[in-house]
Every structure is written in C-alpha cells, then in structure tokens.
Amino acid sequence: MTSRDERGTKHNAQHTTHNARSIGRSDHQTRWNGSYKERLFTLVVATMSKRTLDAFFSRADSPKRTRTNATSSAILPTAPVAGSIQTTNHSTYPWPVPHLPGRVTEELELQVTAQGKEIKDQPHLDLLYFQPFIPRSIERELFTFLRSELFFYRVKYTIKRFGKETLINTPRFTTVFGIDETSRFFNDGTQIVEASDLSKPVRKDKYKCRPRPIPECLDLLRRVTEANTNTKYNFCLVNYYASGSDSISFHSDDERFLGPDPAIASFTLGAKRDFLMKHKPPKGQEPKPETRDIKIPLASGDMVLMRGPTQSNWLHSIPKRKGGEAEKGRINITLRRAMIPAGTENYYRYNVGEGGVYKWDDSKREMLPWPGSNVPS
Ligand SMILES: O=C(O)CCC(=O)C(=O)O
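What you see is a predicted model; the values in this text were computed from it and never measured. (Residues numbered from 1 in each chain as written. Predicted model: local features only at pLDDT ≥ 70, side-chain atom pairs only at ≥ 80, totals over all residues.)

Chemist: So what exactly am I meant to see when it comes to the overall build of the protein chain here?
Modeler: Looking only at helices and strands, the protein chain features eight helices and 20 strands. Within the protein chain, buried positions represent 43% of all 377 residues. For the protein chain, contacts bridging at least 24 residues in sequence account for 75% of all contacts bridging at least 6. (Helix = DSSP H or I, 4+ residues; strand = E, 2+ residues; numbered from the N terminus. Buried ≥ 20, exposed ≤ 12 C-beta atoms within 10 Å, placed from the backbone. Contact = placed C-beta atoms within 7 Å.)

Written as structure tokens, this is what we have:
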C-alpha cells in the first residue's frame, strides 16, 4: 500500500468488481429536450461567436483534429443574460464559476493537435509528455483565472496508524468535480441518474457525498484532452500548492475504482515544480527491475499523461522545495476516469471533506477561509 499524504487513503476502496457499462456520448443528446434547447440556443446565438457555437453543439464521437468538438458531459452552461458573464452553477457550489474568457477558450479549442513526447525507456513506464499542452500565450491567464474563481478545501481526516488515531492535514489545497461512470448529471446537473437508464434517478443512498458537475471552464480542458489523448475522463481533481511547503508525497493512482491501467492526464499551471517518479519496490520474491529515478521539472502549461502499466508499477510525488519558483503558487489539474461509486466517494472525501471553503484573496495574495461558506460537502 502506498500513501499520498502519509496515508493509505487512496487505496482503501473496496475491491469491487468493475461492471460499469460503457456509455457512448449519445447520452448527452438526450438532455437537449426541445424547449430548453431552443431557449438556450437563442440566448447562446446572441452572445457567442460562430466558432464557439460550432464547438458547443457539435458531436463528440467523431473527433476532428482541427478543433475540439466534444459536448459537455457534465452540465449545461448557465444561460447567459445579455451583458453578463456566463457561469456554471450548482447547488453544491459555494458560488457560480465563470466560463473562461473568450480568448482562452479559443486558444484551448485549437489545441487538439498538441504533440506529446513518449517516454517509455524504462520497465513498466509509459508517459506522454506535452511541453506544453496549454499554450504559453494563455497559461498565465488560465492559472490566475482558476486560482481566483474555484473554491478550495484544506482537508483534514484521521487514519489509524500503528493502532493510534492520527490526524492528517492535507499539505495543499484541493477541490474536485465529477461523477463515476455508473451515473450521469442530468437536467442542468440538478439530477443524478443511472448511466444505464437516463430516465432513472439514482437511489438516495447511492452516494454519501454530494457529487458536483465539472464547471464549463474545466470541462473544456477535459474535452480538449479527451480529443488529444483518445481517452475518456469523468473526474477533474485540482490541487493548489501555495508555496514550496505544499506537497504531495509518493503515491500511485492505482485504485481499483479506476480500472486496470488507468490513464491520468496531469497539468501544471503557475510555478515550476519537480515531479519525481520511482519504481515501486518488488513484491515478495519478484526481482527488482533495473530502473532510474525520474525528475521532470514541470513548467506552467505542461501536461504529463501517465498510462498503461505506469500506475501499477511507479510512484510519483511533488516534494517540498525551497528557492527557485517554489514560493509561487502552482495549480495541478488531473483528469481521471472513475468506474464505480467507490471512486466518487473517495475523491470527495479526500478533496472536499467536511471543512470550510477557501477562496483566493487577490489583495492579500493568499487563500482565505470564505465566510459565506455554508454549503454541505
Ligand atoms: O501536482 C502534481 O503534479 C501531482 C498531483 C498528483 O499526483 C495527484 O493529485 O494524485
């Protein structure tokens, strides 16, 4: 068992057999019931450029390599009111999350032909390294936008260590959006329905947590990444490292709820930080493969896709650092695909938790507890 924050929590999912049905993108189409579609279309036409509209309404199942054409799987954008900023909202959000500025949207949509470099020169390693994935022309704006607009948490939880209850303070800010493959958000995200039957709301006790749809500003990145990596993602986890004192310890994202050989796309925005990888120790009598530890200094805009046997064989971390860019903030976004409800429960428990909300304060230049926070998490 490996740990992420001096914990084994990412590995405590029940060993449930994966039997989730794989659902094509046609399920999204069913959300476009006539009246809502018409209303939204009229409003959107009034405010969006032709290019953005094409991207917004086109189908996801035959990606072109010229522009992202996936529709949102998470939630419909809030209908714009003339002159106002479009937002995504949901009853679980402490505040509405604005859509990306037009320039950032357009640059990201053009990014479906990003070229990654394969790194497969060691046993069980399969990385695709985009340097960068998010164009240099928008990475700063995207970083500043997400840091200001998203809500974050500083999750605390207890684990039993050597028979003693031990309090763990997650050494970074976190937030998460998404739902596993067995469910879908429906009706503007107001309902959660069974993926196998979109007319069937999930049972009240299916989730203990309250899943949150991916806001449009992150969902665009998810769609662009899906088109680029030929992989589906239903979760978006966000870490904010306020300084070099924030970190994530060696762990692997190898939980059973992700299915075998999961692909995880991991983005950096803001400060450059070292991303370390080392091979897991051999199990039992297994011989130790000849491997070298890896250090990748991830810069703003970079993306590492970890895939194939990587998670079952390698550990990764962002260690604490002093000097360099370490005192600046860094955002990490990971896109993943959880297959069963255990994944949803795990991600909300360890990335939202039960504590208060934090919001970036631009005048104080730090994350501060948000006083209006009364959202149950
Ligand atoms: O911040 C990073 O680059 C890594 C994040 C990570 O490993 C995780 O969230 O599991």
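Chemist: What exactly am I supposed to notice about the UniProt feature "binding site: 2-oxoglutarate" (unreviewed entry) in the protein chain here?
Modeler: Per the UniProt record, the feature "binding site: 2-oxoglutarate" (unreviewed entry) sits at N239, Y241, H251, D254, H316, R330, T334 and R336. The residues contacting Y241, other than those within four sequence positions of it, are R172, D246, R273, I318, G329 and R330. Among the structural elements, T334 can be located in strand β18 (residues 330-336). With 19 C-beta atoms packed within 10 Å, T334 lands in the partly exposed category. (UniProt positions renumbered as here; feature names shortened; annotations may be inferred.)

Chemist: Please clarify how the site of the ligand should be interpreted in this entry.
Modeler: Taken together, L237, N239, I248, D253, S266, F275, H316, I318, N332 and T334 make up the full set of residues near the ligand. Mapped onto the shell around the ligand, the elements with two or more residues apiece are β11 (235-241), β17 (314-318) and β18. Among the residues making up the shell around the ligand, the classes are represented as four nonpolar, five polar and one charged. (Near = placed C-beta within 6 Å. Nonpolar A, V, L, I, M, F, W, Y, C, P; charged D, E, K, R; others polar.)

Chemist: How should I be thinking about helix α4 (residues 102-109) in this particular structure?
Modeler: Side chains of residues three or four places apart in an α-helix project in the same direction, reflecting 3.6 residues per turn. For α4, every residue scored as buried is listed here: V104, T105, L108 and E109. Buried residues of α4, viewed axially, fall in a sector of 130°; they line one side. Opposite the buried face of α4, by more than 90 degrees, sit the exposed residues G102 and R103. (Arc of directions from axis to C-beta.)

Chemist: What should I look at first to understand the nonpolar core in this one?
Modeler: Side chains of a nonpolar character, in soluble globular proteins, are inclined to be buried together. Counting residues in each nonpolar core, the largest one holds 66 residues, and the members touching the most others are F152, C236, Y240 and L305. Setting aside chain neighbours within four positions, we find C236 in contact with F177, G178, I214, L218, R222, I333 and L335. (Core = buried A, V, L, I, M, F, W, Y, C linked by C-beta atoms within 7 Å.)

Chemist: Just checking my understanding: could you explain the sheet that holds strand β8 (residues 183-186) for this structure?
Modeler: Hydrogen bonds along the backbone pair up the strands of a sheet, which may run parallel or antiparallel. Pairing is antiparallel in the open sheet, where three strands are placed in the order β8-β9-β10. Every other strand in the sheet has two partners, leaving β8 and β10 (197-201) as the edge strands with one partner each. Along the sheet, successive strands turn relative to each other by an average axial angle of 50°, direction set aside. (Pairing = 2+ DSSP bridges. Axes fitted to C-alpha atoms, helices over the stretch in contact; angles between N-to-C directions.)

Chemist: Got a minute to help me understand the pairing of strand β6 (residues 164-169) in this structure?
Modeler: Looking along a regular strand, one sees side chains alternate from face to face of the sheet. With zero of its six residues buried, β6 lies for the most part at the surface. Pairing between strand β5 (residues 156-161) and β6: six bridges, direction antiparallel. Paired with Y157 across the bridge in β6 is I168. Here β5 folds back onto β6, and the loop between the two strands holds two residues, one of which, F162, carries a positive phi near 50°.

Chemist: Just checking my understanding: could you explain the sheet that holds strand β4 (residues 127-130) for this structure?
Modeler: Reading across from one edge, β3-β4-β16-β13-β18-β11-β7 is the order of the seven strands in this open sheet, with antiparallel pairing throughout. The outermost strands of the open sheet, each flanked by one partner alone, are β3 (117-119) and β7 (173-178). Sheet twist, expressed as the mean angle between neighbouring strand axes with direction ignored, is 20°. Across four bridges, the pairing between strand β13 (residues 264-270) and strand β16 (residues 303-306) is antiparallel. Across the sheet, F267 pairs through a bridge with M303, a residue of β16.

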